[in-house]
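# Breakdown of the fold
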Amino acid sequence: CIVLSGEGYSEDVTLDNLPDPSNMDELRIPDGPVGTPRTAVFTLRNHSTSKHFRFKWPAAASPHLAFSPAVGHLLAGSTKDITLTFNPAAPAKLSPQDVKLALTQIQHVAPKGAPAGTPAPEAVDWDDRSVVMDYGAAPPAAAGGAAAAQPAQPVARPEPEPSVADMPGTNKELLLKVFAVADNAKYDCGAPPTGILFKPTMMFQTRAFSFPLTNTSTARLDYRFTVLTADGAGVDTSGLYSVSPEGGAVEAGGTASITV
């Protein structure tokens with residue numbers, strides 16, 4: 001007889017809707033050129049039905065990454081979409097960059113300075129994107145006491161964070177591994193610099209020439225071939241020439257064989 005015992009647990013807060021469901025802590029951003037922002041959206045989910053959390057993404061995790069919202073509240077049973085932007089000004093590779101999300105359980109309390117016995121306010125959603133509309137002071141009266149001709153224009157101002165207190169001993173971190181590459185396209189084409197010169201070919205016969213296309217950058221290289229007319233003024237639709245494959249992608253450091 002074999003007696004088995006085990007212990008299971010579930011996290012109160014998880015990362016959801018990541019690109020690869022089999023890797024619950026990895027986010028891979030598609031490769032792209034330097035200077036072109038790329039974004040990925042995923043979800044923070046609070047599985048608890050009674051606990052509220054304050055979350056904060058580290059500002060110094062990487063100079064190339066920006067989270068929005070970066071700070072906020074995740075109420076019991078709620079979700080919040082997070083947008084991650086990768087936008088380096090120079091070639092960069094994250095393989096991966098570990099980012100630790102700080103989580104703390106909170107409870108809503110009466111604002112500072114409130115009279116004793118003031119009940120705690122109702123929990124409301126908040127993050128650093130939240131704004132309030134400030135309509136300002138009433139417009140001054142016109143000459144003769146008439147109302148001003150132009151009403152005050154509302155101004156969107158950041159909404160202050162609601163009054164909350166951290167629950168002692170509830171600090172934790174949630175790890176997210178970010179993979180991303182930014183590099184400008186660089187490649188080596190093995191075709192002759194003078195062009196491909198086919199020998200005289202009989203009708204209904206075929207000649208082919210193959211050459212390597214090597215990706216010398218650190219990012220994926222997407223490519224597509226178009227056959228042009230001899231003067232380069234337009235697309236050659238005669239069907240005399242074809243390229244295989246017409247298009248595709250070559251991973252960093254990889255090589256594709258092109259046949260004309």
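Residue numbers here run from 1 along each chain, matching the order of that chain's written sequence. Under the rules for a predicted model, residues below a pLDDT of 70 receive no local features and side-chain atom pairs below 80 are neither given nor counted, while totals for whole chains, interfaces and linings still include all residues. Note: side-chain values were computed over all heavy atoms of the structure, leaving out hydrogens and water.

## Thoughts on the overall build of the chain
We count a stretch as a helix when DSSP gives it H or I for four or more residues in a row; a strand needs E for two or more, and each element gets its number in order from the N terminus. Broken down by element type, the chain carries 0 helices and 17 strands. Expected size for 260 residues packed as a compact globule is a radius of gyration near 18 Å; at 30 Å, the chain overshoots this value by more than 25%. Taking the principal axes of its C-alpha atoms as reference, the chain extends roughly 100 × 95 × 30 Å. Under the scheme applied here, a residue whose accessible area is under 20% of the maximum for its type counts as buried, over 50% as exposed, and between as partly exposed, the area being computed with a 1.4 Å probe on protein chains only. The buried share of the chain, reckoned over its 260 residues, is 27%. Contact definition: two residues touch when any of their heavy atoms are within 4.5 Å. Put simply, of all contacts in the chain between residues at least 6 apart along the chain, 71% involve residues at least 24 apart. The reference for a compact globule is 2.2 Å times residues^0.38; the radius of gyration itself is calculated from the C-alpha atoms.

## Some words on the sheet that holds strand E3 (residues 38-46)
A strand pair is defined by DSSP finding two or more bridges across the two strands. Strand order in the open sheet formed by 4 strands is E1-E3-E7-E5, with antiparallel pairing between adjacent strands. With partners counted over all chains shown, the strands left at the sheet margins are strand E1 (13-16) and strand E5 (65-68), one partner each. Each adjacent strand pair in this sheet contributes to an overall mean axis angle of 25°, direction not counted. All axes are obtained by fitting lines to C-alpha atoms, using only the stretch in contact for helices, and the reported angles, taken between N-to-C directions, cover 0 to 180 degrees.

## Examining unusual backbone geometry
The linkage connecting Ser68 with the following residue, Pro69, adopts the cis geometry, with an omega of -5°. A cis geometry characterises the amide bond from Ser95 onward to Pro96, with omega recorded as -10°. Here Pro96 shows up in strand E8 (residues 92-108). Notably, Asn17 is not glycine yet its phi reads approximately 60°, a positive angle. Note that Asn17 resides in the loop between E1 and strand E2 (26-28). Since its relative accessible area comes to 55%, Asn17 is described here as exposed. Its identity is not glycine, yet Phe204 carries a phi of approximately 65°, on the positive side. Looking at the element boundaries, Phe204 is found in the loop between strand E13 (187-189) and strand E14 (210-215).

Remember that the coordinates give geometry; whether it matters functionally is a separate question.
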